[in-house]
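What follows is the residue order along each chain.
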Amino acid sequence: MTGTEEHICKSCGNRFAGLYCNQCGERVILPQDRSFRTFLSSILVALTFADSKFFRSIGLVVVKPGFLSREFAEGRRVRYLRPMSLFFLLNLIYFIFPIIQLFSATLRTQLNSFHGQYAVPAIASKMTALGIRDINSFALVYDQKTGGLAKMLVIVFAILVSLPLNLIYRSRNRYFTDHVGLAVELVCFNLFINALVLSLVVALFGLGSYINEFILSSILLTTNLYFIFRSGIMFYEDTGLKLVLRSVLMIGVLKIALEVYRAILFYVTIWSL
Ligand SMILES: [Zn+2]
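Rules behind the numbers
Residues numbered from 1 in each chain as written. Predicted model: local features only at pLDDT ≥ 70, side-chain atom pairs only at ≥ 80, totals over all residues. Helix = DSSP H or I, 4+ residues; strand = E, 2+ residues; numbered from the N terminus. Buried ≥ 20, exposed ≤ 12 C-beta atoms within 10 Å, placed from the backbone. Core = buried A, V, L, I, M, F, W, Y, C linked by C-beta atoms within 7 Å. Contact = placed C-beta atoms within 7 Å. Axes fitted to C-alpha atoms, helices over the stretch in contact; angles between N-to-C directions. Left-handed = near helix turned anticlockwise from the far one by under 90°. Nonpolar A, V, L, I, M, F, W, Y, C, P; charged D, E, K, R; others polar. Expected span 1.5 Å × (residues − 1). Parallel < 35°, antiparallel > 145°, perpendicular 65-115°, else oblique.

**Student:** I'd love a proper account of the overall build of the protein, names of residues and values included.
**Tutor:** Within the protein, the regular secondary structure consists of 9 helices and 2 strands. Helices and strands appear in the protein in the N-to-C order β-β-α-α-α-α-α-α-α-α-α. Taking the principal axes of the C-alpha coordinates as reference, the protein spans close to 70 × 55 × 40 Å. Within the protein, the fraction of its 273 residues that count as buried is 26%.

Here you go:
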C-alpha cells in the first residue's frame, strides 16, 4: 500500500488521501500494523525515541534555557518532548525521591515561612477537630498528605510565574501560552537541577549535613538567575540594561510566587485533612 489512495476517516468521517486524516490527525491502520513484528518494534521505538527526545529536551533546558520554549512558540515541535510531558515525567521522578524540599514543604517549613504566623490558628483548630493534641503527631499526618498534594499543585506554581511574565515582557511579541510555556520550562529546570541532580549529588557524596537553608537558597538563587538571564536573551531577545533589570525583577517574582504557592499548598492540605 502506497498510502496515496482515498480513505474515509474512522474518527471524523472526513475523506482524505495519505495515511493521516487532514481534519483530525487520525492514522489509517494497515494490516501489517497489527503484526507481532510491528508490536515489538513499536515498543522499541517508544522506549528509545521517548528516551532520545527526553534527553535532547532536558539537555536543552539545562544548556540553552528558553530555547525549547522558543522552538515551541515558533511552531518547531516534533523533535522535542512537549514541555508539559517533560514536566510530568520529571515531576514523577522527583516525587519518588523527595530528598530536597523544593515544591513540597513540611509543616515545620510552613511555620517558618512568610505566612507562618497566620498558619498557627488554622493548625490549632484542625488539631482540635481531628482530636490530635501533640503537634509532632499532627506534623506526621500533615507531611504525609502535603507530599501527595504538592505533586498535583506544582503546576499552580508555573501559572503563578507566567502571570507576571505577561506584564514584564509585554512588549516582546509573545502570547499568553508562550509565557506559560517558558514558566513550565523554568519549573522543569528546577525539578531537574535543584531537585533531582542536587539530591543525587548530596546523596552520592554524603553532603546532607552541609545543606542548610542558606546554602540551598544560594544555589536556588544562582541557578534561577542563570535560567532567567539566559532565557531573557534566548526567548525574549532582551539585551543590555533592560535584560539585567528584568532578570532581577523576575527573581523577586519567583520568590513571591514560591511563597504564594506554599501558602496555597498549606491551606489545601489543611482543608483536605
Ligand atoms: Zn479525521
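Once the structure has been displayed, the description carries forward.
**Student:** Requested: an account of the nonpolar core, with residues and values cited.
**Tutor:** For soluble globular proteins, nonpolar side chains are generally found buried alongside one another. Phe157, Val161, Ala183, Val187 and Cys188 are the most contacted members of the largest nonpolar core, which totals 43 residues. Where this core is concerned, the elements lending two or more residues are helix H1 (36–63), helix H2 (67–73), helix H3 (83–96), helix H6 (135–168), helix H7 (176–204), helix H8 (213–234) and helix H9 (240–272). Discounting residues that sit within four places of it in the chain, Val187 has contacts with Phe87, Val154, Phe157 and Ala158.

**Student:** Help me get a handle on unusual backbone geometry, residues and values and all.
**Tutor:** Phi is positive for Glu237, which is not a glycine, with a value near 50°. Among the structural elements, Glu237 can be located in the loop between H8 and H9.

**Student:** So what about the environment of Ile58? Which residues, and what values?
**Tutor:** Tracing the chain through its elements places Ile58 in helix H1. Sequence separation between Ile58 and Asn173 is 115 residues; the distance between their C-alpha atoms is 25 Å. With residues up to four places along the chain from it excluded, the contact list for Ile58 reads Leu86 and Phe192.

**Student:** Tell me about the environment of Ile193, and please be specific about residues and values.
**Tutor:** Relative to the elements of secondary structure, Ile193 occurs in helix H7. A residue is classified by how many C-beta atoms lie within 10 Å of it, and Ile193, with 19 of them, is partly exposed. Spatially, the C-alpha atoms of Ile193 and Leu220 are 9.4 Å apart, while their sequence positions differ by 27 residues. Apart from residues lying up to four places away in sequence, Ile193 is in contact with Val62, Leu198 and Thr223.

**Student:** Can you break down the packing of H6 against H9 residue by residue, with the values?
**Tutor:** Viewed as axis vectors pointing N to C, H6 and H9 meet at an angle of 145°, and their least axial separation amounts to 8 Å. Here H6 runs over H9; the crossing is right-handed. Partitioning the contact of H6 with H9 into residue classes produces 20 nonpolar, 3 polar and 2 charged.

**Student:** Outline H8, supporting the account with residue identities and numerical values.
**Tutor:** With 22 residues, H8 extends 31 Å from end C-alpha to end C-alpha; this agrees with the ideal 32 Å at 1.5 Å per step. Looking at the buried positions of H8, the neighbouring elements they touch are H7 and H9.

**Student:** Tell me about the packing of H8 against H9, and please be specific about residues and values.
**Tutor:** A pair of packed helices can be characterised by two numbers: the angle between their axes and the separation between those axes. Where H8 meets H9, the closest approach of the two axes is 9 Å, and the angle between their N-to-C directions is 135°. The orientation of H8 with respect to H9, classified from their angle, is oblique. H9 is crossed by H8, and the crossing has right-handed handedness. In this structure, H8 contributes Leu221, Asn224, Leu225, Ile228, Phe229, Gly232 and Ile233 to the contact, and H9 contributes Leu243, Arg246, Ser247, Met250, Ile251 and Leu254. Partitioned by chemical class, the residues of the contact of H8 with H9 number 9 nonpolar, 3 polar and 1 charged.

**Student:** Please provide a residue-by-residue account of H9, values included.
**Tutor:** When the terminal C-alpha atoms of H9 are compared, their 47 Å separation across 33 residues agrees well with the 48 Å that a helix rising 1.5 Å per residue should span. For H9, the complete set of buried residues consists of Ser247, Met250, Leu254, Ala257, Leu258, Tyr261, Arg262, Leu265, Phe266 and Thr269. For H9, the secondary structure elements touched by its buried residues are helix H4 (107–112), helix H5 (116–130), H6 and H8.

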